[in-house]
Structure formats: structure tokens, C-alpha cells
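# Reading the structure
Residues per chain, in single letters:
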Amino acid sequence: MTYSNKRGFNLKESEVTDEALYRNRRDLLKAMGYMGASMLLAPYSHLAHATNAPNPTFNRQPLSFTGSNRDSINDKLTPEQKVLTHNNFYEFGAQKHQPAELAQRFVVNPWQLKIHGEVEAPITLDYDDLFNRFTIEERIYRLRCVEAWSMVIPWLGFELSDLLRMVKPTSNAKFVRFKTLYDPAQMPGQNNRIVGGGIDYPYREGLRIDEASNSLTILAVGLYGKTLAPQNGAPIRLVVPWKYGFKSIKSIVEIELVEQQPETTWNMLAPNEYGFYANVNPAVDHPRWSQSSERRLTTGGLFSRNRIKTQLFNGYSEQVAHMYKGMDLATYY
Amino acid sequence: MTVIDVFAIANKHRVWLVKLVIHLSAMLPVIYYYYLAINDQLSADPVEAILHFTGIGGFNLLLLTLSVSPASRIFSLHWLVHVRRLLGLYAALYALLHVSSFVLFELQLDLALFIDEIVQRPYITVGMAAFVLITLLAITSWSVLRRKMGRRWQALHNYNYLLTTLVAIHFYWSVKSEIVEPSIYILITFALLCFRWPKFKRGFNRLVRRLRSHNRC
């Protein structure tokens with residue numbers, strides 16, 4: 001079911017190929033099953049980089065949702081398969097193909113998400129609450145990685161502001177702090193420097209309260225019509241589409257409202273490279289990657305012409321620019 | 001033909017055989033990876049995968065080239081020296097593929113951006129310096145030029161040590177936080193350079209002598 005809504009984050013007219021691909025994903029998955037059965041992929045399996053279906057152990061459930069901005073997208077969707085196999089989730093390996101391989105046995109149910117801190121009504125949500133207590137909507141967003149690649153993903157989720165309203169923040173609540181699950185037994189990267197890239201776990205992120213309350217900010221529980229795969233941050237993750245991808249923390253177990261600006265993982269690791277704000281900004285370069293343009297990962301191999309200009313706030317200026325009025329975005333990067 | 005005969009023949013043609021192995025193991029993966037990448041079958045981001053493959057592959061070949069002379073000395077395999085140039089040339093080919101894939105597929109021929117990147121990103125600056133060096137070494141590997149250049153040829157080809165060091169730094173600087181792999185490469189590079197310690201010492205002494213005699217004048 002689709003309905004139009006006129007909120008500003010809506011993108012325009014979708015391209016037919018990928019819309020069809022989306023609708024036919026069952027057929028596609030079935031076809032891939034046949035390919036798997038005929039062992040076509042087997043000879044490639046020793047190649048670490050060869051992309052193929054992720055190990056299908058993890059079972060993604062179909063999700064129902066009420067609204068979508070799908071009917072008004074003008075960016076071609078990134079194929080589901082690429083969204084599932086190209087992940088930065090260092091808890092499951094620092095190479096992009098690793099999370100899809102190492103996360104399939106991740107246990108998401110039971111799950112507990114604790115929301116506390118400067119709030120009047122702290123609450124702990126369990127697995128079913130994540131899907132039942134809020135209005136789940138489809139949001140098609142651009143995802144821009146600081147490494148200068150980007151995707152377009154149909155997320156399913158609810159606005160973080162819905163959750164914040166529920167716990168009633170006090171006047172002291174100036175920032176929101178997020179934490180990923182810490183479970184070295186399940187997450188090999190937390191147990192091993194080589195696998196996990198030497199990051200100080202658990203992964204932490206933060207937003208200013210107005211950023212967290214912005215209607216673009218969602219907690220996603222699914223993508224492409226189904227619950228999230230572990231490599232994408234199951235069962236619940238943050239999506240902040242005008243910021244670089246690393247702000248969108250995965251597999252969240254704790255949300256705390258606080259008075260001071262919280263410490264955030266990449267900022268602690270290399271403060272000169274990763275700011276607290278991490279707003280997508282073509283004018284502010286990362287020391288290793290020019291941010292003026294990006295490669296949009298959709299379909300096509302080596303020769304596809306997919307380098308596009310990067311837009312300020314990833315193209316969401318209209319909805320978010322007002323929050324940064326008067327701030328020097330080169331200082332607060 | 002007995003087993004002994006086979007060994008005898010293999011022994012007689014060992015340089016030729018090892019060269020064949022080098023050709024096959026350097027060329028076949030390149031063809032296979034580019035084939036997959038062109039058809040969008042090499043990971044979700046074929047460009048990144050190709051850059052990693054050619055980069056690491058080239059570095060491996062460079063380190064192999066550097067291990068020829070210590071290995072031939074330690075294991076008394078003096079004929080190994082005959083395959084060194086081939087290894088070095090393949091390292092140069094991988095470097096060429098690495099740089100041209102970066103320009104063609106990553107930057108998609110945005111040459112202004114390419115120049116910008118060389119100037120602004122230290123890891124790319126260092127990488128380009130290494131690429132210029134390996135290109136010079138590859139061009140001058142031609143026997144005719146080697147004879148013509150005489151003693152200057154060896155002087156030029158000693159820059160291989162600098163080149164390898166630059167590649168190690170390029171790799172280390174290019175990663176985000178996963179420094180274990182580049183660190184291992186730096187250790188291997190360092191170990192291979194240690195075998196050249198007497199050579200470095202001689203060169204250093206020569207430099208000191210030259211400076212001293214210069215001062216007396």
C-alpha cells in the first residue's frame with residue numbers, strides 16, 4: 001500500500017527497473033535459490049571478495065507498515081543484495097563482506113532496549129515492542145558513507161521522536177546517547193583486534209536533542225519490506241540520513257538522555273577525522289577522502305558511471321539546515 | 001622416462017618453469033578479478049575490490065622481488081636471480097592497474113580531482129611517488145638500457161628500497177583503523193631491508209667520505 005504525503009523528505013518518481021526488482025524480490029530470491037542449488041556459485045566460494053548470497057541462516061521476517069515515500073523517489077534504489085553484503089559493522093569484521101558472513105547466527109530475540117537518563121518515564125522495550133508499539137513507516141533515504149560511497153535504501157522504522165515523547169525528556173536532556181550491544185561471545189570483532197579493527201567497544205554514538213527529534217531521524221527495524229539482517233543492525237538501529245553513515249549506530253541496546261555532549265566512537269578514535277556532528281558536507285574534506293563527490297552504488301560493474309556531486313546535508317537541507325544556523329560547519333564537522 | 005629423468009629435465013629448465021608459474025599466477029587472477037568486476041559480480045563495490053586486489057597484489061610481488069636476493073643467498077639458489085626482473089615487472093604492471101583503475105573507475109576520469117587528491121592526501125602523494133619510481137625501474141629494466149646506463153643503472157635500481165618503503169607507508173596511511181595487516185607488511189618490508197644493511201652501511205660511509213673530502217677543499 002502506498003500513500004502520498006507531502007513532507008519535505010520525500011524524493012521523486014522511482015525508476016521502473018528497481019521498483020520492479022523490489023516488488024519481485026520473492027522471485028529473485030527464489031531464482032537465487034536455484035542458482036545456489038545448481039552449484040553455480042560454488043566455484044567462487046573460496047574468493048573472499050566474490051559477492052553472493054549471504055549465508056541464509058538468519059531468518060528475516062516480512063513486516064507490515066502503514067505509509068511509504070516510495071512513490072515519490074527519484075534516486076534509483078540500491079539492490080537489496082548490495083545493501084545486505086556491503087556493511088561497515090566492525091563488530092563482525094572490518095572488511096565490508098565480513099558482517100554478512102559472520103553475523104548470521106546473531107540472536108536478536110529476546111532483545112532489550114533500555115531508554116533512561118534525563119527522562120520522566122524510563123522504559124525498557126523488548127523485542128516485540130520494537131515492532132508493535134510504534135507506527136512503522138517506509139522511508140527511502142540516501143545513505144552517505146564518509147568513505148565517499150552512497151546507497152539508496154528503503155528502510156522500515158519509526159520516528160525517534162515518537163519514542164522520546166513516550167519517555168518524556170526533562171529540561172536537562174540536551175543530548176541523546178546510544179550504545180550498541182556488547183557481547184564478545186557473539187561479536188567476534190569485540191573479542192579480537194584483528195577482526196574488529198582495534199576499536200574500543202561497545203560502539204557509542206550521540207545526537208543533539210533537536211537532531212534526535214527531527215522528523216527525518218528514525219529508528220529502523222527493517223529494510224526492503226522485511227526485518228533487518230544482523231549485518232544491517234538488527235533488531236533496531238538508528239538512521240540519520242543527513243549525516244555520514246557511521247552516526248547510524250546499529251543493534252542498539254541503550255538510549256540515554258544526557259546533559260553533556262556524549263563521547264562517540266569514531267570521534268574518540270580519530271577526533272581530527274571524525275567530528276561529533278558528521279554532517280554530510282561537500283565543502284569539508286576528510287583527510288583521506290574528498291567529500292565533494294561520491295560513488296552511488298546501484299547496479300553495474302566497473303564501467304558504470306556512478307560518480308555524483310555530494311549535496312550539503314546529503315540533500316536534506318530543507319529539513320535540517322535550520323538546526324545549524326550560525327554554526328561554522330568547518331569547525332563543528 | 002623414469003622419475004629421475006623427469007627431475008633432471010625439470011632441473012634443467014627450472015628457470016623457465018618458475019617463470020611459467022609466475023606468469024600464470026600473476027596473470028590468471030587479474031583476468032578473473034577484472035572479469036568479475038566488469039560484470040558486477042565482485043562484491044557490492046567492484047571498484048573498491050579491484051583497488052584492493054591490485055594494490056595488495058602489487059605489494060606482494062614487490063616484496064617477492066625483494067626476497068629473491070636474500071633467498072638465493074641463504075638457500076644457495078643462485079639461478080633464482082634470473083626470475084627477479086619478471087617479478088619486478090609484474091609488480092609494476094599491478095601498480096599500473098592500481099593507478100589506472102583509481103583514475104578510470106574510482107574517480108571516473110575527473111582529472112582535476114585526481115590532481116587535487118595527489119596534492120591534498122598524503123597517502124596518495126606517497127603512493128604516486130612510489131608509482132613514478134616503479135615506472136622508472138620498469139622502463140630501465142630493458143637489457144639494452146641496462147648496458148648503456150652502466151653503473152648508474154644499479155644506482156637507480158637501489159631506489160627499489162625507497163619505493164618499497166613508500167608503498168608500505170601508503171598502505172598504512174590508507175586504512176581507517178584496521179592497522180594490523182599494514183603493520184605486518186611494514187614488518188616484512190623492514191626485515192627484507194635489514195638484509196641490505198651492509199649495502200646501506202657502505203653507501204652511508206661513501207657519502208660521509210665524500211662530504212669530508214668536500215669540506216677539506
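The rules behind the values
- Residues numbered from 1 in each chain as written.
- Chains lettered and ligands numbered in written order.
- Predicted model: local features only at pLDDT ≥ 70, side-chain atom pairs only at ≥ 80, totals over all residues.
- Heavy atoms only, no water.
- Helix = DSSP H or I, 4+ residues; strand = E, 2+ residues; numbered from the N terminus.
- Polar contact = N/O pair within 3.5 Å; in protein donor to acceptor, adjacent residues only side chain to side chain.
- Salt bridge = Lys/Arg side-chain N within 4 Å of Asp/Glu carboxyl O.
- Buried < 20%, exposed > 50% of the residue type's maximum accessible area, 1.4 Å probe, protein only.
- Contact = heavy atoms within 4.5 Å.
- Buried area = accessible area lost by both parts, 1.4 Å probe.
- Patch = residues over 30% accessible without salt bridge, like charges linked within 9 Å, V, L, I, M, F, W, Y side chains within 5 Å.
- Areas by Shrake-Rupley, 256 points an atom, 1.4 Å probe, with all protein chains shown as cover.
- Lys, Arg positive; Asp, Glu negative; His and termini not counted.
- Charge placed at Lys NZ, Arg CZ, Asp CG, Glu CD.

### Here we look at the side chain of A:D75
Tracing the backbone through its elements, the reader meets A:D75 in the loop between α2 (25-37) and α3 (80-85). Looking at A:D75, its side chain comes within polar contact range of the side chain of A:R142, at 3.5 Å.

### Some details on the pattern of salt bridges
Oppositely charged side chains may form a pair once their charged atoms are brought near each other. Residue and element names in this part refer to chain A. Under the defined criterion, the tally for this structure stands at 24 salt bridges over all chains. Across the pair K96 and E147 runs a salt bridge whose closest N-O atoms are separated by 3.1 Å. Here E147 lies in the loop between β3 (137-144) and β4 (149-159) and K96 lies in the loop between α3 and α4 (98-102), a separation of 51 residues in the sequence. Just as K96 is buried, E147 falls in that class too. The structure contains a network of salt bridges with shared partners spanning D75, R142, R144, E294 and R296.

### Here's the deal with the side chain of A:R295
Here A:R295 lies in strand β11 (residues 293-296). According to the relative accessible area criterion, A:R295 is buried, its value standing at 3%. If sequence neighbours within four positions are ignored, A:R295 has contacts with A:A148, A:W149, A:S150, A:N306, A:R307, B:D45, B:V47, B:E48, B:F105, B:E106 and B:Q108.

### So, the interface of chain B and chain A
Taken together, the 34 residues of chain B in the interface contact 39 residues of chain A. Where chain B abuts chain A, roughly 3,300 Å² becomes buried across the two surfaces, and 54% of that area is made up of carbon and sulfur atoms. The largest share of the area that chain B buries against chain A comes from B:A44, B:Q108 and B:K176, three residues that together contribute 23% of it. Along the contact surface separating chain B from chain A lie 7 salt bridges. Residue B:K176 is joined to A:E147 by a salt bridge in which the shortest nitrogen-to-oxygen separation is 3.0 Å.

### Focus: a positive patch on the surface
All names here are of chain B. Together, R151, R202, R206, R209 and R210 make up a positively charged patch on the protein surface. The element best represented in the positive patch is helix α11 (residues 197-216), accounting for 4 residues. Checked against the element boundaries, R210 lands in helix α11.

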